[in-house]
Amino acid sequence: MTTIELDNGYTSSVGHPGDLDDLVDLYRASEAALEGRPRIDRDWIDTQFREVGFDPERDVLSVRDDAGTLVGAAMVESRDPFVSSFCSQAILPGVTDDAVAEAIIAFAIARTTDNIPLAPEGARVVASIGIHERDQPMLERLIDRGFSQERSFLEMEIELDDEVTVPPLPDDVTVRTLGADEALDRLVVAVRDSFRDHFGFVDQPMELRLQRWQEFRKADSWDNDLVFLAESDGELVGVNVCLRRNGSDTDQGYVATLGVLPDHRGRGIARYLLLACFAEYQRRGLSSVSLHVDAQSITGATRLYEGVGMHRSQVHLDFEYEIRDGEDLVRR
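Within any chain, residue numbers begin from 1 and follow the written order of that chain's sequence. Per-residue local features are limited, in this predicted model, to residues with pLDDT of at least 70; the limit for side-chain atom pairs, both in listing and counting, is 80 or more; totals at the level of whole chains, interfaces and linings are taken over all residues. Note that water and hydrogens are dropped before the side-chain values are worked out from all heavy atoms of the structure.

Attention shifts here to the overall build of the protein. Scanning the protein for helices and strands turns up nine helices and 13 strands. We take the radius of gyration over the C-alpha atoms and set the globule estimate at 2.2 Å times the residue count to the 0.38 power. In terms of C-alpha radius of gyration, the protein reaches 20 Å, essentially the compact-globule figure of 20 Å for 332 residues. On the principal axes, the C-alpha backbone points of the protein span a range of 65 × 45 × 35 Å. Residue exposure (1.4 Å probe, protein chains only): buried if accessible area is under 20% of the type maximum, exposed if over 50%, otherwise partly exposed. Scored against the burial criterion, the 332 residues of the protein give a buried share of 53%. Only the protein chains shown count as cover for residues, and the accessible areas themselves come from Shrake-Rupley with a 1.4 Å probe. Summing over all exposed atoms, the protein offers an accessible surface of approximately 14800 Å²; the carbon and sulfur share of this is 45%. Helical segments are the DSSP runs of H or I of at least four residues, strand segments are the runs of E of at least two, and each set is numbered from the N terminus.

See below:
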């Protein structure tokens, strides 16, 4: 583990933070301060640490004060073809020292820079950091360091107060849930093809995509009966992957991935898949459902969610910093 002394008694260390409960507590404290409620749990952290290609000894930063308290942390995800990275970060509420934020930003840039030899020759390489819109100190710090806001993502919710009515499907479409022992190959292909024209899509090896989903399936929040598959003439044309809870909030379901293949959009399939999961959550006694969506989604997803009664509850911002100029392989 590499440890660096920072200003004002802080130290930063790259490597496994040791007690993951400290990391969970930090992220929950930050989330509670910015969003009003903490939902990140140990399962979320464990899933991040199992992410294919993620190495805690290389991809985790811890910042501690002179008493040894964990006051800042960052986790950087990067994968083949290594043209972009994403940094999730948390700072303990009340800690305003620029040294902590600067250590996180510098780490995100450094990890992305390290991957340049792995990226295709001539490809643009960017580092991304996600923040909550209320995190004004980090927002200002990112702008000062040359980052620019690339996108905003909405968290949307619905209270399941009224009985959910599921609409009819097109005559040629049927929906079922994932079998207990069913392979994920078709699901992964459908997700890839549904999001190929979405912001942030990067063409990645199929083997890597499949490995990531196989690890995702190991999460405690995964439930095969909440994975809805829409099929037409033997082809998988839409998917809705939902989790049994939203982190530590056991009263709220979470829609993780909802997508329909381009040739089948506009037929009511996404609406059916969404309301079908609402109905299942309601049957299970959950009180609400949430999801995240690109505020500028080309499919008009925000309108779909508003149309079924969902409302905006949080806004998250994606900031980018160009490490190397070149051909942009990320979908814009």
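Buriedness for pockets is judged along seven lines, at least five of which must meet protein on both sides within 12 Å for an open set on the 1 Å grid over protein atoms alone, while cavities are sets there where a 1.4 Å probe fits but cannot get out, and lining residues have an atom within 4 Å of a point. Grid points are joined across faces, edges and corners, and a volume is the space filled by probe spheres set on the points. Taken as a whole, the second largest pocket spans an internal volume of roughly 210 Å³. Taken together, 14 residues make up the lining of the second largest pocket; nearest its centre are Ile-4, Val-14, Leu-61, Phe-107 and Ala-110. Looking at the lining of the second largest pocket, the elements that each hand over two or more residues are strand 1 (2–5), strand 2 (11–14) and helix 4 (98–114). Among the elements that take part in the lining of the second largest pocket, helix 4 stands out by supplying six residues, more than any other. We call Asp, Glu, Lys and Arg charged. Ala, Val, Leu, Ile, Met, Phe, Trp, Tyr, Cys and Pro are nonpolar, and the rest, Gly among them, are polar. Its residues assigned to classes, the lining of the second largest pocket comprises eight nonpolar, three polar and three charged.

Here a Phe, Tyr or Trp ring, Trp counted by its six-membered ring, pairs with any other such ring whose centre lies within 6.5 Å, and the pair is stacked when the planes are under 30 degrees apart, edge-to-face when over 60, and tilted otherwise. What the rule picks out here adds up to seven aromatic pairs. Taken together, a centroid distance of 5.6 Å and an interplanar angle of 50° make the contact between Tyr-27 and Trp-44 tilted. Placement of the pair is Tyr-27 in helix 1 (residues 20–35) and Trp-44 in helix 2 (residues 42–50), with a sequence separation of 17 residues.

Quick look at helix 2 now. Considered for burial, the residues of helix 2 that qualify are Asp-43, Ile-45, Thr-47, Gln-48 and Phe-49. Turning to helix 2, the residues buried within the fold contact helix 1, helix 3 (56–59), strand 3 (60–64) and strand 4 (70–78). Residues are treated as being in contact if the distance between any of their heavy atoms lies within 4.5 Å.

Another aspect to go through is the environment of Phe-153. Turning to its location among the elements, Phe-153 is positioned in strand 7 (residues 148–159). Taking the C-alpha atoms as reference, Phe-153 lies 23 Å from Ile-323; in sequence the two are 170 residues apart. Residues contacting Phe-153, with those up to four places away along its chain left out, are Phe-199, Val-293, Asp-294, Ala-295, Gln-314, Val-315, His-316 and Asp-318.

Below, the discussion takes up the side chain of Ser-221. With respect to the helices, strands and loops of the structure, Ser-221 is situated in the loop between helix 7 (206–216) and strand 9 (222–232). Assessed through its relative accessible area of 8%, Ser-221 is described here as buried. With residues up to four places along the chain from it excluded, the contact list for Ser-221 reads Asp-43, Leu-243, Arg-244 and Arg-245.

The subject of this paragraph is empty space enclosed by the protein. Under the definition given, this model contains one cavity of 30 Å³ or more. Counted as a void, the largest cavity has a volume near 30 Å³. If you go around the largest cavity, the residues you meet are Arg-176, Leu-178, Glu-182, Ala-183, Arg-186, Leu-187, Leu-229 and Leu-236. A breakdown of the residues in the lining of the largest cavity according to their chemical character gives five nonpolar, no polar and three charged.

That's the geometry; what it means functionally is another story.
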